[in-house]
Structures are given as C-alpha cells and as structure tokens.
Amino acid sequence: MGEAPPALRADARRNRDKLLAEAAQLFAERGVNAALEEIARRAGVGIGTLYRHFPTRDALIATVYQHESEALYAAAEAMAATLPPDEALARWMHRSLDMMATKRGLGDSLKALLRERPELLTASKSGFPATVERLLNAAKASGRIRGDVELADVLHALNGIYAAPESADWRSRSGRVLDLLMAGMRQGPAAAE
C-alpha cells in the first residue's frame, strides 16, 4: 500500500502511533475538520511533532485511513488465532464498525483522497471480503454457525449496516444489528450441517 515510512526511533514511533489513534478517534467523533491542535494535545505531544509526522491534514487523513485498514486486518488474524471461530467473526465485525465510523468522519476528504490515491481503496476493497470469507468459512467449518450462510449474504448485511443513515446512536444500533445477524447465523438446524 505505497511506500513504507522511514524507520523511526522508538519514541518517535510511539508519538506517531498516539497521533494516529487520537486522530482516528477525533475524526470519527467530529469529522475531518477536528482541530489538529486537539489531536496533538490528546496524544500528549506538541503541534510541531504532529506536523513533523504529517505535514498536511491530507497526509494525516491518508495515514489514518491506511493505518485503520491495516489494523482491521491484523485484528482478524489475532482474533482467528485466539477465539472460537464464530466469536472471532462476531468480534471482527464489531471491530469493522470502528473503521466505518472513522471512514464516516473522514467524509468528503476521504473520497477526494481515494480519487487521488486509488491504490488505498483497491487494497481495502480486496482485503475486506477476503477477510470476511476466511472468518466465515472457519466458523462454518467449526459447526458453530449455519452451513447455509453465504459470503454474499453476510457482505450484503454488512453493507446495509454501514450505509445506515448517520444518527447519534448509529454505532450502538449497528452493534445491536450485528448481534442479531450473528444470532441468526448461529440458529437453526443448518448449524449442525
């Protein structure tokens, strides 16, 4: 997904990671116009440190999006390695809501960025269905969810959840819908197939 950043000292890497985490959270909460000074303050660094790592708001937005995408896929691997397959799928889908909240916060700036850097979108779009498929197939193979659940059905449901209109309770309501989706996939005689 593009050039790797130059190697950073441990303290600089920690500062960069804190800036990315705080930016993702503030962008999700307030949108892309969240004050850069507040991002720096929450990360416990000065504004100069933010600008050394991210010389423009667009550079910060691009890196937040890339970082969040990479973290989402890494979380799938960690969950698959440590949780029962159905629980890994459920928790990862909940984790994907965090990424979606960040994407919503990035709004039009993200759309413009993805037009300029289509490789970011390509990597994200190809990775998402493949990750869902891997987690879903493991859960089906374990017998912990219905054998008749298809990848296309799950992706369709997730797209509907992600596209729901913005509201104050979007995140919590979407989490409840994901829980209903998982309950439906776990129920019924097809689960024993």
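Residues numbered from 1 in each chain as written. Predicted model: local features only at pLDDT ≥ 70, side-chain atom pairs only at ≥ 80, totals over all residues. Heavy atoms only, no water.

**Structural notes on the environment of Thr63**
Turning to its location among the elements, Thr63 is positioned in helix 4 (residues 57-82). Placed 40 residues apart in sequence, Thr63 and Ala23 show a C-alpha to C-alpha distance of 9.9 Å. Residues within four places of Thr63 in sequence aside, it is in contact with Arg16, Leu20 and Phe54. (Helix = DSSP H or I, 4+ residues; strand = E, 2+ residues; numbered from the N terminus. Contact = heavy atoms within 4.5 Å.)

**A few points about the packing of helix 7 (residues 151-162) against helix 8 (residues 170-186)**
For the pair helix 7 and helix 8, the least separation of the axes is 10 Å and the interaxial angle reads 165 degrees. Relative to helix 8, helix 7 is oriented roughly antiparallel. As helix 7 runs across helix 8, the sense of the crossing is right-handed. Counted together, Val154, Ala157, Leu158, Ile161 and Tyr162 of helix 7 and Trp170, Ser174, Val177, Leu178, Leu181 and Met185 of helix 8 form the full contact between these two elements. Here the contact of helix 7 with helix 8 is composed, by residue class, of 10 nonpolar, 1 polar and no charged. (Axes fitted to C-alpha atoms, helices over the stretch in contact; angles between N-to-C directions. Parallel < 35°, antiparallel > 145°, perpendicular 65-115°, else oblique. Left-handed = near helix turned anticlockwise from the far one by under 90°. Nonpolar A, V, L, I, M, F, W, Y, C, P; charged D, E, K, R; others polar.)

**What to know about the pattern of salt bridges**
Under the defined criterion, the tally for this structure stands at 13 salt bridges. Arg41 is the partner of Glu38 in a salt bridge, and the nearest nitrogen-oxygen pair spans 3.5 Å. One end of the pair is Glu38 and the other is Arg41, both in helix 2 (residues 36-43) and 3 residues apart, which spans about a single turn. The exposure class of Glu38 is buried, given its relative accessible area of 18%. Each member of the salt-bridge network shares a partner with another, and the members are Glu29, Arg30, Glu38, Arg41 and Arg42. (Salt bridge = Lys/Arg side-chain N within 4 Å of Asp/Glu carboxyl O. Buried < 20%, exposed > 50% of the residue type's maximum accessible area, 1.4 Å probe, protein only.)

**Concerning the packing of aromatic side chains**
Enumeration over the complete set of coordinates arrives at 2 aromatic pairs. On the numbers, 5.2 Å between centres and 40 degrees between planes, the contact of Trp92 with Phe128 is tilted. Taken as a pair, Trp92 in helix 5 (residues 85-116) and Phe128 in helix 6 (residues 118-141) lie far apart in primary sequence, 36 residues in all. Note on Trp92: relative accessible area 0%, which makes it buried. (Phe/Tyr/Trp six-rings, centres within 6.5 Å; stacked < 30°, edge-to-face > 60°.)

**Brief notes about the environment of Leu181**
With respect to the secondary-structure elements, Leu181 resides in helix 8. Spatially, the C-alpha atoms of Leu181 and Ala90 are 9.1 Å apart, while their sequence positions differ by 91 residues. In this structure Leu181 touches Met93 and Ala157, once residues within four positions along its chain are discounted.

**Some details on the confidence of the model for the chain**
Within the chain, residue pLDDT values average 85, and 86% of them lie at 70 or more. Ranking the elements of the chain by mean pLDDT puts helix 5 last with 81 and helix 2 first with 95. (pLDDT = per-residue confidence, 0-100.)

**Considerations on the packing of helix 1 (residues 10-30) against helix 2**
In the contact formed by helix 1 and helix 2, the axes pass within 9 Å of each other and the chain directions differ by 130 degrees. In terms of their interaxial angle, helix 1 and helix 2 are classed as oblique. Handedness of the helix 1/helix 2 crossing: right-handed. From helix 1, Lys18, Leu19, Glu22, Ala23, Gln25, Leu26, Phe27, Glu29 and Arg30 reach across to helix 2, where they touch Glu38, Ile39, Ala40, Arg42 and Ala43. Its residues assigned to classes, the contact of helix 1 with helix 2 shows 7 nonpolar, 1 polar and 6 charged.

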